[in-house]
Amino acid sequence: MTSATAGGTAPVPPARTRKSVTGTRRTVAVLFLLPTLVLLGALVVYPIGYSLIRSFLNQSGDGFAGVDNYKALFTDDGIRTALKNNVIWVVFAPTLATALGLVFAVLTERVRWGTAFKLVVFMPMAISMLAAGIIFRLVYDQDPNKGVANAVWVGVHDTFAESSAFPNAHPGRQSPLRPEKGGFLTQQAVHAGRSVSLPLVGVAPDKMPGGAKKAVQAPSEPGKVTGTAWQDFTRGKGVGRLGQVDPGELGYPGMKIEAVKDGKVVDAAKVRDDGTFTLSDKADGARLRLPASNFREPYNGVDWLGPSLVTPAVIGAYVWMWAGFAMVLIAAGLAGVPRELLEAARVDGANEWQVFRRVTVPLLAPVLAVVMVTLMINVLKVFDLVFIIPPGSSQDDANVLALELYRKGFSEDQPGIASAIAVFLLLLVIPVVWFNVRRLRREVRR
């Protein structure tokens, strides 16, 4: 083929044919994805498929069991307790963590040290579930001297209702006292100008209050009733005289003494450090009463890990860990909220609560949905905290599906039921994941 030119004709080179690279690109993509696909199949697809098949087999795995393993999910007491607790977890744990995260995110925008506060709140996320479980097992310890929760609770309680230092004190032999409504009452009336002896026993020497001093026999005073309340016990055989103050015996500091006439309290006093006390002339002819409050058992706090409170206690530990996660995500969303809208609402007369409820929260709804859905998926498979924090006596009451799966599969050797629980958990998670995927697609379209 030729073409005309000014100087004659010249040959035209043949047209080049482009070689398609579509096949090459597809091959390269498959090669890059192959390791991921192999891992996905080995670590996700195969376990799911095997668990599904195993859930229809009997416990030995050599026979078909039908839906018997799934029936056990609703007939076994342990699994039903786990289901109930999982519902409690899904309803309360994500809600509390998200609510706290929202409050923290909004408030930290208004303080100068907001970044430091966010760091402190987020720090528990750096702790493993195992470590957090051990920490809160100690926090919830029943002994107020060990458990922080009960130390605070007992401190608040004792501020309003003082505990007794003498719960085991009681009259000894030949005592002038007799029992009366949890306390003790003198058998005879007392009179002004005379000293009264109120001997007690039953308090171990190492349990006596630190302020207790050596007891002193109270001298009589005209027009007043005086006396001594003390520990009438001296170590050693044959040492000391019964009903008399001996060297080395201690007073009962702070013990309350009431003078009672015709069932009414006419006067009252507290025992001094040396065991002595003084009542006015109103006590003349009255009987002395040591009220039951002197002998009340010391308040020992709340049984946080008991059957009734163990699940809320474990949820509290979870919220402590995940509130920081919620706060960081919500704070990121809050940073994208147009400030003009907030200022416009304030100019229109809205107070801060109205701005928060009617403007801030609706604008943060997509972020709040992400946080809630993420935490819901997380709590459906919670295991570590429930396994570590509750003691053996309360673990059944705190049971959740993930823990019951572990028990059935490893402790009770029932792999069929364990596989059914695993499949059931997967079915519970799928709707939540589906909701999240749909929401993300809507966000992408916008």
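Refer to the preceding data block for the structure.
From a predicted model like this one, the values you see are computed outputs, not experimental measurements. (Residues numbered from 1 in each chain as written. Predicted model: local features only at pLDDT ≥ 70, side-chain atom pairs only at ≥ 80, totals over all residues. Heavy atoms only, no water.)

Trainee: Help me understand the overall build of the protein chain, please; the structure alone is not making it clear to me.
Mentor: When helices and strands are counted, the protein chain shows 13 helices and 10 strands. Taken over C-alpha atoms, the radius of gyration comes to 38 Å for the protein chain, far larger than the 22 Å a tight globule of 446 residues would show. If you line up the protein chain on its principal axes, its C-alpha atoms span 150 × 75 × 40 Å. By residue count, 37% of the 446 residues in the protein chain fall in the buried class. When contacts within the protein chain are restricted to residue pairs at least 6 apart in sequence, long-range pairs at least 24 apart make up 67% of them. Accessible surface computed for the protein chain: about 26100 Å², of which carbon and sulfur atoms make up 62%. Where the 47 positive side-chain charges of the protein chain centre and where its 35 negative ones centre are 10 Å apart. (Helix = DSSP H or I, 4+ residues; strand = E, 2+ residues; numbered from the N terminus. Rg over C-alpha atoms; globule rule 2.2 N^0.38 Å. Buried < 20%, exposed > 50% of the residue type's maximum accessible area, 1.4 Å probe, protein only. Contact = heavy atoms within 4.5 Å. Areas by Shrake-Rupley, 256 points an atom, 1.4 Å probe, with all protein chains shown as cover. Lys, Arg positive; Asp, Glu negative; His and termini not counted. Charge placed at Lys NZ, Arg CZ, Asp CG, Glu CD.)

Trainee: Can you walk me through the packing of helix α2 (residues 68-75) against helix α3 (residues 77-108) in this structure?
Mentor: At their nearest, the axes of α2 and α3 sit 6 Å apart, and the two run at 65° to each other. The pairing of α2 with α3 is recorded here as roughly perpendicular in orientation. In this structure, α2 uses A72, L73, F74 and T75 to contact α3, whose residues at the interface are D77, I79, R80 and L83. (Axes fitted to C-alpha atoms, helices over the stretch in contact; angles between N-to-C directions. Parallel < 35°, antiparallel > 145°, perpendicular 65-115°, else oblique.)

Trainee: How do you make sense of the sheet that holds strand β4 (residues 183-186) when you look at a structure like this?
Mentor: Sheet strands line up and pair through hydrogen bonds in the backbone, either parallel or antiparallel. The five strands are arranged β3-β4-β10-β7-β8 in an open sheet whose pairing can be described as antiparallel. The open sheet has two edge strands, β3 (177-180) and β8 (264-270), and neither has a second partner. Strand after strand, the sheet turns through a mean of 30° between neighbouring axes, direction not considered. Inspection of the sheet shows β4 paired to strand β10 (residues 287-290) by two bridges, in the antiparallel sense. Paired with F184 across the two strands is L290, which belongs to β10. (Pairing = 2+ DSSP bridges.)

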